[in-house]
Amino acid sequence: MLRRLAATCVFLLPAAAGAQGFPFTVAQLMRGPEFYGREPGAVRWSPDGRSLYFTWLTPGSDWRAQPRTFRVATLPGARPEALSDAAADSIGPLIAAGALSPDGLRRVTEYRGDLYVVDLRRSTVAPLTATLAQESTPRWSADGQRVLFVRDNNAFSIDLGSRLERQLSDIRAGGAAAPAGAVAAGGGGGAGGAPLRRDSAATPRDPQRAAMARDQRMLLDAVRTQLLADSLRESERTRRMVLLPEAVTLRPEERVQQVQVSPSGAAALLLVSTAARDARQGIVPNYVTASGYTEDIPNRTKVGDAQAMPRLGLLSMPRGGVRWLPLLGDGAPLASANLWAWNDAGTQALVAATSRNFKQRIISVVDAATGALQTIETLTDTAWVGGPCSNGCAGFYDGGRRVYWVSEAETGYAQLWSAAVDGSDRRRLTTGAFEIYDIRLSADTRTFQFHSSETSAFDRELWSMPTAGGARTRLTPAGGGHQAVLSPDEQWMADVYSRTNRPPELFLVKRGAATMPTPVTTSPTPEFLAYAWRDPEIVMLPASDGAKVPAHIYRPADFGAQPNGAAVIFVHGAGYMHNIHHYWKSSYPREYMFNHLLAARGYVVLDIDYRASAGYGRDWRTAIYRFMGGRDLQDQVDGSKYLTSTFGVPAERIGMYGGSYGGFMTLMALFTEPKRFGAGAALRSVTDWAHYNNQYTGQILNLPQDDTLAYHRSSPIFHAEGLEDPLLMLHGMVDQNVNFQDIVRLNQRLIELGKTDWDLAVFPVEDHSFTAPASWTDEYRRILDFFTRTIGPAGSKAAR
């Protein structure tokens, strides 16, 4: 057994009482954030670092309420104040994320579709655009004289001196033709004046008409004047066309996904995608509607169906056209292309592409002048390329001479790498059995700053390290879960911090502090704080393949209860998710509290970070390749054996519950391992992976038309004949992630197999993630009643 690491962090919160100050019921726990509080979010510093802004809701706010903007001064003991909507709106451009100017004195931001320039010395804001169109992705030109941005999927620039706006690209949807005679001016205005009259300027080919035209020019001064005006207008048009962007017409059905303008303003990266013509899009029927009629919600395709085809182009502006980049070298089709960064000069860009089968990722530097690609890393995986930061966490540094990125290469853990822009001098800057979750350069560009699990797989902290590599320094106090944002001078941290038994709160922490000070926020209700919520022990379960599998354990004795002879295993969802750690279970707070309720009623509860969970490296992540419900389910079976050997709980009195991937695992447990479990409650469960989406499932199981074995052995519907024990299924009817059709098909299969001891509860207005407390309460009341009547002390399983 492994007890959690000792920590120097302390919470200065109201002391927990020995008994709860609220009814310890399902209805109370399922109030959700109305009870345990809302996590502070969208943390932003003012440019001068004197104030901190964040969004939050005060304790006990209605579950339908929207977060408000708060401000707190950067002073010890300062308390937050709520801003009015008008004040929050006016301050928005000042604190919005944006791009720093080359001299470091200004920032350009986008706020609600318009652009603003922030003077960082004076903390003032100047509007740059005020249009009905949406301006986005602003950045500075390399000389700091212009702001480059995207509007209507095209590149524009604004000169900050003259305020002249210029359109830099002319990207048109497939099939769109250039308007006859149209001449753009500035930001897209018309040419003005009379239209060009090309018919009067041309010499007719017919001899009779040509003779008549000669006579007109000879006889009439008005005609000669008109022809001269036409000639001058045509000359001006030709001159101005040289300055206008060349039209780029996309393929039919091809649409722009992203445009990133280079700081030079002379190039842009253009990501486009062609929708799959033959793909069949699913629908989700919505039964509870304002109209009283059933209405269809458009949904997604299924894995293996025709998929959109992306491609990445280098657009030379204004007249150079597009070079479509062979990102995988051999022209192989892409699953995705990512535009990671431009260097400050705008001469090179860092891009990445993932192959259609998800097994290869190539990171390249693109030369903006030639379109030449220089490979930085080719990462190949026999399963699939992934892990933390697999689609980002990269950029240029050292004056544009080097690039950095995060990769699982060589070690199998997400580590920081660096190379020269020509691909040489490739270095691994960190090494160890831990994961890096994000990465940024310090304000002086001398250090990298990143959150990682270096202390342990169960903690997340902020670290810094010189860009050349070397010793790492922890910036946050030890232990727990930190999401820290440094102040502009990097002497303070705004840290959203939590422990296992305390939800996240916002702290103002002096850099280098050894302990956490008093929190700025107190999010839970007094009733929540009155109860002694447990920090469950982390135990390492012995797996059948020799691995040690982390799990949280909730013992009845810890709650002053007598064991009732039964146990429950909770299975987290998402597959690739981290749930065993020393910080708040932000993805499963209700289940954390429900596990308390079960333990207080005498059940031993296990919560396992089974194989494929995040936080433990590549081999753990890919252990389910071609077999979901294989090694990951075996970890649950080993958990069942642990409960029997350690606590004497018979297998028939071990229940399981979980949602989404956890629901899928519950079905697989009951269908394929009936001797190790006695009952299961499966929520919003995948029942057939061939009906899930392409991006997630195609990575793990390949495609159903290519790998029938992987899909059949991984899908519960193909094993339903193995059901021997009570099964409760629960599903939202407007689930747009795991469609309601999934559970309906399994129900029909159970009917045809003649299975009897199963039930289905449906929730007509709920999507994949429930929202209404009434739905949560009904769902978990059913689960509690189900365990009571099956594996409970007076249940059907206890009587055997």
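None of these values were measured; they are calculated from a predicted model. (Residues numbered from 1 in each chain as written. Predicted model: local features only at pLDDT ≥ 70, side-chain atom pairs only at ≥ 80, totals over all residues. Heavy atoms only, no water.)

*Asks:* I keep staring at the pattern of salt bridges and nothing clicks. Help me out?
*Replies:* Once their charged atoms are close, side chains differing in charge can pair, the charge on each being opposite to the other. Tallied over the full model, the rule gives 43 salt bridges. Taking the shortest distance from any N to any O, the salt bridge between D62 and R64 comes out at 2.9 Å. Given a relative accessible area of 56%, R64 falls into the exposed group. Here K797 ties to D725 by a salt bridge, and the two come within 2.3 Å at their closest N and O atoms. (Salt bridge = Lys/Arg side-chain N within 4 Å of Asp/Glu carboxyl O. Buried < 20%, exposed > 50% of the residue type's maximum accessible area, 1.4 Å probe, protein only.)

*Asks:* Where do I start with the nonpolar core in this structure?
*Replies:* Generally speaking, a soluble globular protein has its nonpolar side chains buried in company with each other. Counting 64 residues, the largest nonpolar core has I569, L606, M628, Y661, W689, L727 and L746 as its most contacted members. Among the elements that take part in this core, helix α11 (residues 661–672) stands out by supplying eight residues, more than any other. If sequence neighbours within four positions are ignored, I569 has contacts with L606, I608, Q636, G639, S640, L643, I654, G655, M656, Y657 and F677. The next biggest cluster of nonpolar side chains, apart from the first, holds 43 residues, and it includes F24, L728, I783 and L784. (Core = buried A, V, L, I, M, F, W, Y, C linked by side-chain atoms within 4.5 Å. Helix = DSSP H or I, 4+ residues; strand = E, 2+ residues; numbered from the N terminus. Contact = heavy atoms within 4.5 Å.)

*Asks:* Quick question: what am I supposed to make of the sheet that holds strand β27 (residues 415–420) here?
*Replies:* Two strands in a sheet stick together by hydrogen bonds in their backbones, pointing the same way (parallel) or opposite ways (antiparallel). Spatially, the four strands line up as an open sheet ordered β25-β26-β27-β28, and their pairing is antiparallel. Taken across any chain shown, the strands that pair with only one partner, and hence form the sheet edges, are β25 (395–397) and β28 (427–428). Here strand β26 (residues 402–407) pairs with β27 via six bridges, running antiparallel. Bridging from a neighbouring strand, R402 pairs with A420 of β27. (Pairing = 2+ DSSP bridges.)

*Asks:* What is the right way to look at the state of the cysteines in this model?
*Replies:* Inspection of every chain in the model, using the stated rule, returns one disulfide. Between the sulfur of C389 and that of C393 lies a disulfide, 2.0 Å long from S to S. Given an S-S torsion of about -60°, the disulfide between C389 and C393 has left-handed geometry. On the basis of relative accessible area, C389 is assigned to the buried category, the value being 11%. (Disulfide = S-S within 2.5 Å.)

*Asks:* What am I meant to see in α11 here?
*Replies:* Within an α-helix, residues lying three or four positions from one another point in the same direction, as the helix has 3.6 residues per turn. The end-to-end C-alpha separation of α11 is 16 Å, in line with the 16 Å expected for twelve residues at 1.5 Å each. Most of α11 is tucked away: eleven of the twelve residues are buried. Along α11, the residues classified as buried are Y661, G662, G663, F664, M665, T666, L667, M668, A669, L670 and F671. (Expected span 1.5 Å × (residues − 1).)

*Asks:* Where do I start with the packing of helix α8 (residues 589–600) against helix α15 (residues 773–790) in this structure?
*Replies:* Packed helices, taken two at a time, are described by their axes: the angle between them and the distance between them. Closest axis-to-axis distance for the α8/α15 pair is 12 Å, and the angle between their directions is 35°. As α8 runs across α15, the sense of the crossing is right-handed. Contacts between α8 and α15 pair R590, E591, F594, L597 and L598 from the former with W776, Y780, I783 and L784 from the latter. Looking at side-chain class alone, the contact of α8 with α15 contains seven nonpolar, no polar and two charged residues. (Axes fitted to C-alpha atoms, helices over the stretch in contact; angles between N-to-C directions. Left-handed = near helix turned anticlockwise from the far one by under 90°. Nonpolar A, V, L, I, M, F, W, Y, C, P; charged D, E, K, R; others polar.)

*Asks:* Before we go on, may I ask you to explain the confidence of the model for the protein chain in this structure?
*Replies:* The predicted structure's coordinates, where accompanied by low pLDDT, should not be read in detail. Overall, the predicted model of the protein chain reaches an average pLDDT of 91, with 92% of residues at or above 70. Considering only residues more than four positions removed or in separate chains, one finds that residues 1–18, a stretch of pLDDT under 50, has 52 contacts. Within the model, the stretch residues 176–201 combines pLDDT values under 50 with 35 contacts to residues more than four positions away or in other chains. (pLDDT = per-residue confidence, 0-100.)

*Asks:* Before we go on, may I ask you to explain the packing of aromatic side chains in this structure?
*Replies:* To describe a pair of aromatic rings, one takes the distance between the centres and the angle between the planes. In the structure shown here, the tally under the stated rule is 43 aromatic pairs. For the ring pair F22 and F35, a centre distance of 4.9 Å and an interplane angle of 70° mean the geometry is edge-to-face. Of this pair, F22 sits in the segment before α1 (26–29) while F35 sits in helix α2 (residues 33–36), and the two are 13 residues apart along the sequence. By the burial criterion, F22 is buried, and F35 matches it. Aromatic rings pair up to connect F22, F24, F35, Y36, F528, Y531, W533, Y554, W584 and Y592 into one cluster. (Phe/Tyr/Trp six-rings, centres within 6.5 Å; stacked < 30°, edge-to-face > 60°.)

*Asks:* Sorry, what's going on with the side chain of D609 here?
*Replies:* Position of D609 relative to the elements: it lies in the loop between β39 (604–608) and α9 (618–621). No salt bridge is formed by the buried D609, whose closest oppositely charged neighbour, K585, lies at an N-O distance of 7.0 Å. A polar contact is formed between the side chain of D609 and the backbone nitrogen of N579, at a distance of 3.1 Å. Sequence-distant contacts of D609, defined by excluding residues within four places in its chain, comprise V549, P550, H572, M577, H578, N579, I580, Y616 and W620. (Lys, Arg positive; Asp, Glu negative; His and termini not counted. Polar contact = N/O pair within 3.5 Å; in protein donor to acceptor, adjacent residues only side chain to side chain.)

*Asks:* So what exactly am I meant to see when it comes to the environment of I553 here?
*Replies:* Considering the arrangement of structural elements, one finds I553 in strand β37 (residues 548–554). A residue is classified by how much of its surface remains accessible, and I553, at 1% relative accessible area, is buried. Each C-alpha atom of the pair I553 and P536 lies 5.8 Å from the other, and the pair is 17 residues apart in sequence. In this structure, I553 is in contact with P536, E537, V539, V604, V605, L606, Y642 and F647, ignoring residues within four places of it in sequence.

*Asks:* Which parts of the structure should I look at to understand the packing of helix α10 (residues 631–647) against α11?
*Replies:* Where α10 meets α11, the axes come as close as 10 Å, and the angle between the chain directions of the two elements is 70°. By the angle between their directions, the pair α10 and α11 is classed as roughly perpendicular. Seen from α10, the contacting residues are D632, L633 and Q636; seen from α11, they are Y661, F664, M665, M668, A669 and T672. In terms of residue class, the contact of α10 with α11 is made up of six nonpolar, two polar and one charged. (Parallel < 35°, antiparallel > 145°, perpendicular 65-115°, else oblique.)

*Asks:* So what exactly am I meant to see when it comes to unusual backbone geometry here?
*Replies:* Most peptide bonds adopt trans geometry, and most residues besides glycine take a negative phi value. For the peptide bond that leads from M317 to P318, omega is 5°, which places it in the cis range. Residue placement: P318 occurs in the loop between β19 (309–316) and β20 (321–324). A positive phi is found at E253, a non-glycine position, where the angle reads about 70°. With respect to the helices, strands and loops of the structure, E253 is situated in the loop between β14 (247–249) and β15 (254–261). For E253, a relative accessible area of 37% corresponds to the partly exposed category. One non-glycine residue with positive phi stands out, namely R626, at about 70°. Structurally, the position occupied by R626 is in the loop between α9 and α10. Looking at R626, the relative accessible area reads 26%, which means it is partly exposed.

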